[in-house]
Amino acid sequence: MPSMTKFRLTRRQIFIAGLLSGFAMTACSSPSSDDNSVSLETARAELEAGHVTLIDIREPAEQATGVAKGAKLLPMSQLGSRLGEIPTATDKPVFLICNTQNRSSKILKALRERGYPHVRFVRGGMSEWSRRGWPVTKP
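Here the structure is a predicted model, which is why all the values come from computation and not from measurement.

Calculation notes
Residues numbered from 1 in each chain as written. Predicted model: local features only at pLDDT ≥ 70, side-chain atom pairs only at ≥ 80, totals over all residues. Heavy atoms only, no water. pLDDT = per-residue confidence, 0-100. Contact = heavy atoms within 4.5 Å. Salt bridge = Lys/Arg side-chain N within 4 Å of Asp/Glu carboxyl O. Helix = DSSP H or I, 4+ residues; strand = E, 2+ residues; numbered from the N terminus. Buried < 20%, exposed > 50% of the residue type's maximum accessible area, 1.4 Å probe, protein only. Phe/Tyr/Trp six-rings, centres within 6.5 Å; stacked < 30°, edge-to-face > 60°. Lys NZ or Arg CZ within 6 Å of the ring centre and 35° of its normal. Expected span 1.5 Å × (residues − 1). Arc of directions from axis to C-beta. Pairing = 2+ DSSP bridges.

A short note on the confidence of the model for the protein
Link 1 in the chain: This prediction gives the protein a mean pLDDT of 83; 76% of its residues lie at or above 70.
Link 2 in the chain: Contacts from residues 3-7, a stretch scored under 50 in pLDDT, to residues over four places away or in other chains number 0 contacts.
Link 3 in the chain: Low pLDDT (under 50) marks residues 9-32, which in the prediction has 8 contacts with non-local residues, meaning those over four places away or in another chain.

Looking at the pattern of salt bridges
Link 1 in the chain: As enumerated under the stated definition, the model contains 8 salt bridges in all.
Link 2 in the chain: A salt bridge links Glu 48 to Arg 44; the shortest N-O distance between them is 2.9 Å. One end of the pair, Glu 48, and the other, Arg 44, are both in helix α2 (residues 40-49), 4 residues apart, so they sit about a helical turn from each other.
Link 3 in the chain: On the basis of relative accessibility, which here comes to 57%, the residue Glu 48 falls in the exposed class.
Link 4 in the chain: Here the salt bridges share partners, and the residues they tie into one network are Glu 41, Glu 128, Arg 131 and Arg 132.

Things to note about the packing of aromatic side chains
Link 1 in the chain: The final tally for this structure, using the stated rule, is 1 aromatic pair.
Link 2 in the chain: Pairing Trp 129 with Trp 134 gives two aromatic rings, centres 5.1 Å apart and planes at 80°, and the pair type is edge-to-face. The same class applies to Trp 129 as to Trp 134, namely buried.
Link 3 in the chain: A cation over an aromatic ring shows up here: Arg 44 above the ring of Trp 134, its NZ or CZ 4.7 Å from the ring centre.

Side note on helix α4 (residues 102-113)
Link 1 in the chain: In a regular helix each residue adds 1.5 Å, so 12 residues correspond to 16 Å; α4 covers 18 Å between its end C-alpha atoms and thus fits that length.
Link 2 in the chain: Buried within α4 we find Ser 104, Ser 105, Ile 107, Leu 108 and Leu 111. Buried residues of α4, viewed axially, fall in a sector of 160°; they line one side. Structural note: α4 exposes Lys 106 and Glu 113 on the side pointing more than 90 degrees away from its buried face.
Link 3 in the chain: For α4, the secondary structure elements touched by its buried residues are β4 (94-97) and β5 (119-122).

Here we look at the sheet that holds strand β3 (residues 72-73)
Link 1 in the chain: Taking strand neighbours across the sheet as the criterion, the 5 strands line up as β1-β5-β4-β2-β3 in an open arrangement whose pairing is parallel. The two strands at the open ends of the sheet, each matched to only one other strand, are β1 (37-38) and β3.
Link 2 in the chain: Pairing geometry for β4 and β5, over 3 bridges, is parallel. Its bridge partner lying in β5, Phe 95 is registered against Arg 120.

Pasting the structure below:
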């Protein structure tokens with residue numbers, strides 16, 4: 001019987017350790033936390049309803065493959081010189097979209113440091129938008 005007690009204790013310890021590591025992973029996953037990102041579905045719906053400004057930060061060669069209708073085109077390489085084109089009014093959210101979300105999540109951090117609390121990035125990016133067959137337009 002003593003070995004059975006030890007087994008239960010070990011199993012319980014493993015269970016608790018798993019829970020704790022799950023919480024730790026959740027706490028450390030800031031690039032995709034809700035205050036930083038939006039789903040592709042949300043981005044599309046909000047853009048189509050006119051509730052957000054969607055900024056496509058891909059480079060012109062990437063944008064030439066198609067952009068979401070109504071998106072503002074502001075290539076990442078031009079962002080420094082065109083920063084004034086990003087709306088500062090916090091009553092209308094700004095969503096950043098790139099090809100996958102790597103660049104837009106990095107740009108988000110830089111913009112937040114410069115006082116843009118209303119900016120978020122779109123998870124999945126234009127590659128996922130296109131993969132789903134959603135409409136795009138030529139710039």
